[in-house]
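The residues making up each chain are set out below.
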Amino acid sequence: MHMPAEGIFHNLLIVSIRKSYPGQARKVMNAIWGLPGAMFSKCIVVVDHDVDVHNLREVAWKALNHIDPERDIQFTLGPVDQLEHASRLPNFGSKMGVDATTKRPSEGFTRPWPDEIVMDDQTKKKVTEKWKSLGL
């Protein structure tokens, strides 16, 4: 779990899970919104267990490649921090949850999920050498 400073902490909560059943990411979102203090989280992004939640670049890459906005974004209403200036009412507003996990057939996703493209060690070595020759 990570609450990055870029989200002013309570505005963004990123959590990784080892998904074991359909809808688990949404269950996690709702569980977090049911906790004292964490209920003020304006946006929760749930990613797979292999995503480094402290690496915002990796989180963005995985999340933006794994979501279908209509299917994977959930909006809800509830209590918000009293310092929340964007909410419709004092202490009450909307929240957003993003299920950025890999989708499975048990969740209605019947197409094959693509494998992640990973460079082999030889290619990584060549790229590293190129960077050095370019002065980077």
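Preceding this section is the structure that the text describes.
Residues numbered from 1 in each chain as written. Predicted model: local features only at pLDDT ≥ 70, side-chain atom pairs only at ≥ 80, totals over all residues. Heavy atoms only, no water.

Describing the overall build of the protein
What counts is decided by this rule: Every helix listed is a DSSP run of H or I at least four residues long, and every strand listed is a run of E at least two residues long, numbered separately from the N terminus. In this treatment the radius of gyration is a C-alpha quantity, and the globule benchmark scales as 2.2 Å times the residue count to the 0.38 power. The classification of residues rests on relative accessible area computed with a 1.4 Å probe and restricted to protein chains. Under 20% of the type maximum is buried, over 50% is exposed, and intermediate values are partly exposed. Any pair of residues with heavy atoms lying within 4.5 Å of one another is described as a contacting pair.
Across its full length, the protein carries four helices and four strands. Listing each helix as α and each strand as β along the protein from the N terminus yields β-α-β-α-α-β-β-α. A compact globule built from 136 residues would reach a C-alpha radius of gyration of about 14 Å, whereas the protein, at 18 Å, exceeds it by more than 25%. Overall, the C-alpha framework of the protein stretches about 55 × 40 × 20 Å when taken along its three principal axes. Looking at the protein as a whole, 32% of its 136 residues are labelled buried. Sequence-distant contacts in the protein: of pairs separated by 6 or more residues, those separated by 24 or more amount to 59%.

Here's the deal with helix α4 (residues 121–133)
Let me state the cut-off plainly: What a helix is expected to span follows from its residue count: subtract one and scale by 1.5 Å. Whenever a nitrogen or oxygen atom comes within 3.5 Å of another N or O atom, the pair is scored as a polar contact, on the condition that within protein one atom can donate a hydrogen and the other can accept it, and that pairs from neighbouring residues in sequence are kept only if both atoms are in side chains.
Across its 13 residues, α4 extends 19 Å between first and last C-alpha, which sits within 8% of the 18 Å expected from 1.5 Å per residue. In terms of burial, α4 is a largely surface element, zero of the 13 residues being buried. N-capping of α4 is provided by D120, with a side-chain oxygen placed 3.2 Å from the backbone N of Q122.

Digging into the nonpolar core
In plain terms, the rule: Here, the term nonpolar core denotes a set of buried Ala, Val, Leu, Ile, Met, Phe, Trp, Tyr and Cys residues that are joined through side-chain atoms within 4.5 Å.
Of all hydrophobic cores here, the largest spans 11 residues; its members are L13, V15, I17, A25, V28, M29, I32, W33, A38, I44 and V46. Where this core is concerned, the elements lending two or more residues are β1 (12–17), α1 (24–33) and β2 (43–48). Leave out the neighbours within four places in its chain, and W33 touches A38, M39, S41, I44, Q74, T76, K95, M96 and G97. Within the second largest apolar cluster, 10 residues are counted, among which are C43, V45, A63 and A100.

Describing the environment of G78
One can find G78 in strand β3 (residues 73–79). On a C-alpha basis, the gap between G78 and I17 in space is 24 Å, while along the polypeptide they are 61 residues apart. For G78, the contacting residues outside a window of four places in its chain are N91, F92, G93 and K95.

Things to note about unusual backbone geometry
In this structure, N91 takes a positive phi of about 70° despite not being glycine. Within the secondary structure, N91 is located in the loop between β3 and β4 (92–99). Looking at N91, the relative accessible area reads 39%, which means it is partly exposed.

Overview of the pairing of β2
We count it as follows: Whether two strands pair comes down to DSSP finding at least two bridges between them. When the strands point away from the viewer and the connection leading from the first strand across the helix to the second strand turns clockwise, the crossover is called right-handed.
Among the six residues that make up β2, six are buried, leaving the element largely enclosed by the rest of the structure. In the sheet, β1 pairs with β2 via six bridges, with the strands oriented parallel. Looking at the pairing, L13 lines up with I44 of β2. A crossover links β1 with its parallel partner β2, the connecting element being α1, and its sense is right-handed. Bridge analysis of β2 against β4 gives four bridges, and the strand direction is parallel. Opposite V45, over in β4, you have V98 as the bridge partner.

As for α1
The periodicity of an α-helix, 3.6 residues per turn, causes residues three or four places apart in sequence to face the same way. When α1 is considered as a whole, its buried residues turn out to be Q24, A25, V28, M29, I32 and W33. If you follow the buried residues of α1, they end up packed against β1, β2, β3 and β4.

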